[in-house]
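# Examining the three-dimensional arrangement
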Amino acid sequence: MSTIFYLVVSIQGSVQAQMAVNQAVHFSDWVIGHSHLAMLGFATFAAAGGLAHVWQRIPWARYNARALESSYWLMLAGVILMVTDLTIAGLVEARLWQSAAPWLDSVRAARPYWIVRTGSALPIVGGFVMLLVGLTTGQRGAGLQSVEQTIGLEPVREIAPRLAAAASGVT
């Protein structure tokens, strides 16, 4: 997901770099949506995915796959809602600025989008809470058991022999 968000943010940045687009959206919520896509979309999903991947392989760590799955879907829904909302708000603002309407009209037009943006924080915060729950609840070693049942411990033995020994109970 992080890679997909990076691709989208890169394409959006390239579009925004075009002079005609940049002149229209430069000070609008489009830019804020673009920034949120980079940080909440790309960076957060890369960090959370890496953390969950490593955490799953620690033999003594608690691991709750169901909570982590909920975390993923909540954060994904929140980020998509927020970025889509801010992008549309930015386009509305830009259109009003180009029409020479008073600046206050653009503020009034953006107000409903700001309400949606604020509401989109709920699933994002919920996703972070579920990430914490996923990494602190559940059975100890449940993540490594899942790895063992799906791909096996051979890759773990190859990369981290001491971790594989701890997982199998050998010291």
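This one's a predicted model, so the numbers in the text were calculated from it and none came from an experiment. (Residues numbered from 1 in each chain as written. Predicted model: local features only at pLDDT ≥ 70, side-chain atom pairs only at ≥ 80, totals over all residues. Heavy atoms only, no water.)

Time to look at the overall build of the chain. Looking only at helices and strands, one finds eight helices and zero strands in the chain. Starting at the N terminus and ending at the C terminus, the chain contains elements arranged as α-α-α-α-α-α-α-α. Counting only residues that meet the buried cut, the chain has 35% of its 171 residues in that class. Relative to all contacts within the chain whose residues are 6 or more apart in sequence, the contacts with residues 24 or more apart total 80%. Surface accessibility of the chain: about 10,000 Å² in total, with carbon and sulfur atoms responsible for 67%. (Helix = DSSP H or I, 4+ residues; strand = E, 2+ residues; numbered from the N terminus. Buried < 20%, exposed > 50% of the residue type's maximum accessible area, 1.4 Å probe, protein only. Contact = heavy atoms within 4.5 Å. Areas by Shrake-Rupley, 256 points an atom, 1.4 Å probe, with all protein chains shown as cover.)

Our next topic: the side chain of Ser71. With respect to the helices, strands and loops of the structure, Ser71 is situated in helix H4 (residues 65-98). Discounting residues that sit within four places of it in the chain, Ser71 has contacts with Gly127, Met130 and Leu131.

Between helix H3 (residues 29-56) and H4, the shortest axis-to-axis distance is 7 Å and the interhelical angle comes to 165°. As far as their axial angle goes, H4 and H3 are roughly antiparallel. Two packed elements cross with a definite hand, and for H3 against H4 that hand is left-handed. Considered class by class, the residues forming the contact of H3 with H4 number 17 nonpolar, six polar and two charged. (Axes fitted to C-alpha atoms, helices over the stretch in contact; angles between N-to-C directions. Parallel < 35°, antiparallel > 145°, perpendicular 65-115°, else oblique. Left-handed = near helix turned anticlockwise from the far one by under 90°. Nonpolar A, V, L, I, M, F, W, Y, C, P; charged D, E, K, R; others polar.)

In short, shape yes, function no, at least from these values alone.
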